[in-house]
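Structural overview for review
Listed here are the chains, written in short residue letters.
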Amino acid sequence: MQKAVLLTSEGLKALQNELENLKTVTRNEIAEKIKIARGFGDLSENSEYDEAKNEQAKIEARIVELETMLKNARVIDEIDAADGKISIGCTVKIHDIEFDEDLIYTIVGSAESDPNEFKISDESPVGAALIGHVEGDVVTVATDAGHIQFEVISVAR
């Protein structure tokens, strides 16, 4: 049995949109590239053809990956969140005690994590440590570099 893929409603919509785009737009673009590359002659020495076929394989693999994720998706909504406790879908403001700085993260399922957007997975060391805590808690996170302590400043849905 496949592990459930935990998603926010926004994350579910983003994956559905990506899948739809890959199936309708990107597949057609790749098919056109292959068609054009075939026109260049001998396929055994045709780098454009090889490149287009490799790109097609990557797209098809991503489509299968997205379909599997969506088939096993479990949308986390506000009903799943206990009052004031950090859970998937929460935006948390935490204070790094050692470096005396505030950080704001949104806790998401692993399929949605994007550190560049400050979206951290519930399976990451920081995300996993924060789950279940409330405002005012001091949370210790074990990392490769040692232990880091954060104080939970606020929790928002």
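Here's a quick rundown of the structure. (Residues numbered from 1 in each chain as written. Predicted model: local features only at pLDDT ≥ 70, side-chain atom pairs only at ≥ 80, totals over all residues. Heavy atoms only, no water.)

1. Section: the packing of helix α1 (residues 9-38) against helix α2 (residues 47-71)
For the record, the criterion: Note on method: axes are straight lines fitted to C-alpha atoms, helices fitted across the in-contact stretch only, with angles between N-to-C directions ranging 0 to 180 degrees. Only DSSP runs of H or I with at least four residues qualify as helices, and only runs of E with at least two residues qualify as strands; both kinds are numbered from the N terminus onward. Working definition: roughly parallel below 35 degrees, roughly antiparallel above 145 degrees, roughly perpendicular at 65 to 115 degrees, and oblique for all remaining angles. The handedness criterion is simple: a crossing whose near helix is rotated anticlockwise from the far helix by less than a right angle is left-handed, and one whose near helix is rotated clockwise is right-handed. In the scheme used here, Gly and all other residues not listed as nonpolar or charged are polar, with Ala, Val, Leu, Ile, Met, Phe, Trp, Tyr, Cys and Pro taken as nonpolar and Asp, Glu, Lys and Arg as charged.
Where α1 contacts α2, the axes come no closer than 9 Å and their chain directions differ by 160°. Put simply, α1 runs roughly antiparallel to α2. By crossing handedness, the relation of α1 to α2 is classed as left-handed. Residues that form the contact of α1 with α2 fall into these classes: 14 nonpolar, three polar and eleven charged.

2. Some remarks on the packing of aromatic side chains
Rules: Aromatic rings from Phe, Tyr and Trp, taking only the six-membered ring of Trp, are treated as a pair when their centres fall within 6.5 Å; an angle between ring planes under 30 degrees marks them as stacked, one over 60 as edge-to-face, and anything in between as tilted. Only protein chains enter the accessibility calculation, which uses a 1.4 Å probe. A residue is then buried if its area is under 20% of the maximum for its type, exposed if over 50%, and partly exposed in between.
For the structure on display, the rule yields one aromatic pair. With a centroid separation of 6.4 Å and 50° between ring planes, the pair formed by Y105 and F118 is classed as tilted. Of this pair, Y105 sits in strand β4 (residues 101-108) while F118 sits in the loop between β4 and β5 (119-121); the two residues are 13 residues apart in sequence, bridging distant segments of the chain. A residue is classified by how much of its surface remains accessible, and F118, at 49% relative accessible area, is partly exposed.

3. Here's the deal with the nonpolar core
Quick note on the threshold: Here, the term nonpolar core denotes a set of buried Ala, Val, Leu, Ile, Met, Phe, Trp, Tyr and Cys residues that are joined through side-chain atoms within 4.5 Å. Note on contacts: a residue pair is in contact if any heavy atoms of the two residues lie within 4.5 Å.
Within the largest apolar cluster, 18 residues are counted, with the highest numbers of intra-cluster contacts made by I86, V92, I94, I107, L130 and V152. Beyond its immediate chain neighbours, meaning those up to four positions away, V152 contacts I86, K93, I94, L130, H133, V134, E135, G136, D137 and V139. Ranked by size, the runner-up nonpolar core spans 16 residues in total, among them L19, I30, A52 and M69.

4. Observations regarding the environment of N21
Structurally, N21 is set in helix α1. Linking N21 and F150, residues 129 residues apart in sequence, is a C-alpha distance of 40 Å.

5. Some details on the pattern of salt bridges
Convention followed: Counted as salt bridges are all cases of a side-chain nitrogen of Lys or Arg within 4 Å of a carboxyl oxygen of Asp or Glu.
Scanning the model with the defined rule gives seven salt bridges in all. Of the charged contacts in the structure, one is a salt bridge between D102 and K93, with a shortest N-O distance of 4.0 Å. Accessibility expressed as a relative area gives 43% for D102, which makes it partly exposed. Salt bridges sharing common partners tie together E18, R62 and E65.

6. Looking at the pairing of strand β3 (residues 91-96)
In summary, the side chains of a regular strand alternate between the two faces of the sheet. Note the following rule: Strand pairing follows a simple DSSP-based rule, namely that at least 2 bridges must link the two strands.
Bridge count between β3 and β4: six bridges; the pairing is antiparallel. Pairing of T91 across the sheet is with T106, part of β4. Between β3 and β4, which pair antiparallel in sequence order, lie four residues; one of them, D100, sits at a positive phi of approximately 50°. Strand direction decides the pairing type here: β3 and strand β7 (residues 146-156), joined by six bridges, are antiparallel. Bridged to V92 within β7 is V155.

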